Amino acid sequence: MSKKVTAGYDQLGQFAPAFAKVNDDVLFGQIWSRTDELSARDRSLITISALMATGAFEQLGVHLNRAKENGITRTEIAEVITHLAFYVGWPKAWSTFGMAKEIFANDDAAADAPLGILFETGDPNLYGEFFTGNSYLNPLLFDQEMGVSMANVTFEPAARNHWHIHENGYQLLIVTGGEGWYQEDGKEAKSLSKGDVILTKEGIKHWHGAKRDQWFEHVAITFGQAKWFEPVDESIYEGLDSGG
C-alpha cells in the first residue's frame, strides 16, 4: 500500500495496543501489501463484497474510498453492487449505493473520458506522491543506455503533477486527448488540447495537468530524469480554471 494505515494506533493505540498493532501492521501492513499474490484492486473488491454481505457499513465507507484509490471506477463499483444485490439483499445494495454515489461523485465524467486513445490507460497513481488528484501511467519504452523513456499519461479532471525539472535532458509532450494546462515557472500557463506539442528544455521548472472539468491525456517522451518539487499552489490552479 502506498499510504501507511495508522487508524488502529490513532483510535485504539492506548486502549487496545495489541489490536491496533495487528490492524495497522499485519492486516493493512503485511496482508494488503502482498500484491504479488493478489493485487490491491482485487483485495478491495473482495473486502467490499464481504463488508456489504455482513452489513458492516461503518467500515464499508472506508473501503469504498480505498477501492477508488486502488483503481476501481464508478462504472465498475456500480456493477459490483448490482451483482451483489442478488446474493446479499436489496436493502444492503441500496445502503451501499448511497455511500458509493458520494465517494465516486467526481467520476461522473468518466463516460466522456479520453482514455486509451492511442495506448492502454495503464495503472493508477504509480507516482501518486508527485501528483495532485488521480492519474494513470502506461510505460511504453525505457532504454537505460540511451537514457530515454516514453509513457502514456492520463489525468482525471483537476489532476496535475507537481512542479519539476528535467535533469540531463528534456521532455516532449504530445497531447492526444482532453484539455489541460502547461506552465513554466514565471510564465503564463498554456491551454492544451489534442494535437498540441510541448518541448521542455533541461532545468526548466514546470508542471502540467488536466483542467478542472476535463480529462487530459498525453504521451511523454523523456530524456534524463525528473527532479520533483512542491505541489502547484491551489490558488494558482483555481485562477487558471476560473479564467483569472
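The structure displayed is predicted, hence computed values, not measured ones.

Draft legend 1. Quick look at unusual backbone geometry. In this structure, Ala158 is a non-glycine residue whose phi angle is positive, near 75°. Considering the arrangement of structural elements, one finds Ala158 in the loop between strand S4 (148-155) and strand S5 (160-161). With a phi close to 60°, Asn168 is a non-glycine residue in the positive phi region. In this fold, Asn168 is placed in the loop between strand S6 (164-167) and strand S7 (171-184).

Draft legend 2. Structural context of the packing of aromatic side chains. All chains considered together, the criterion is met by nine aromatic pairs. Judged by centre distance (5.8 Å) and plane angle (35°), the ring pair of Phe131 and Phe155 falls under tilted. On the criterion of sequence distance, the pair formed by Phe131 in strand S2 (residues 131-132) and Phe155 in strand S4 is long-range, its members being 24 residues apart. Given the relative accessible area of 0%, Phe155 is considered buried. These aromatic residues form a ring-pair network of at least three members: Phe130, Phe131, Phe155, Phe216 and Trp228. Directly above the ring of Tyr237 sits Arg160, whose terminal nitrogen or CZ lies 4.0 Å from the centroid. Over the aromatic face of Trp181 sits the side chain of Lys211, whose NZ or CZ is 4.7 Å from the ring centroid.

Draft legend 3. Region of interest: the nonpolar core. One finds Ile48, Met52, Leu60, Leu64, Ile77 and Ile81 to be the most contacted residues of the largest nonpolar core, which totals 17 residues. At the level of elements, helix H3 (40-54), helix H4 (57-69), helix H5 (74-88) and helix H6 (90-103) are the ones that each hand at least two residues to this core. Here this core gets five residues from one element, more than from any other, and that element is H5. Discounting chain neighbours no more than four positions away, the residues touching Leu64 are Ile48, Ile77, Thr96, Met99, Ala100, Ile103 and Phe104. Phe131, Tyr182, Ile198 and Ala220 belong to the second-largest nonpolar core, a separate cluster that totals 14 residues.

Analysis parameters
In this convention, every chain numbers its residues from 1, walking through the sequence in written order. This being a predicted model, a pLDDT of at least 70 is required before a residue's local features are given, and a value of 80 or more before pairs of side-chain atoms are given or counted; all residues contribute to the totals for chains, interfaces and linings. Calculation of side-chain values draws on the structure's entire complement of heavy atoms; hydrogens and water are dropped beforehand. Runs of H or I in DSSP of at least four residues are treated as helices and runs of E of at least two as strands, each being numbered from the N terminus. Each pair of aromatic rings taken from Phe, Tyr and Trp, with Trp reduced to its six-membered ring, is defined by centres within 6.5 Å and is described as stacked if the planes are under 30 degrees apart, edge-to-face if over 60, and tilted in the remaining cases. Each residue is placed in one exposure class: buried if its accessible area under a 1.4 Å probe, protein chains only, is under 20% of its type's maximum, exposed if it is over 50%, and partly exposed if it falls in between. We call a charge positioned above a ring when the Lys NZ or Arg CZ atom is no farther than 6 Å from the ring centre and deviates by at most 35 degrees from the ring normal. Nonpolar cores are built from buried Ala, Val, Leu, Ile, Met, Phe, Trp, Tyr and Cys residues. Side-chain atoms within 4.5 Å join them into one set. Note on definitions: a residue-residue contact is assigned when non-hydrogen atoms from the two residues lie within 4.5 Å.

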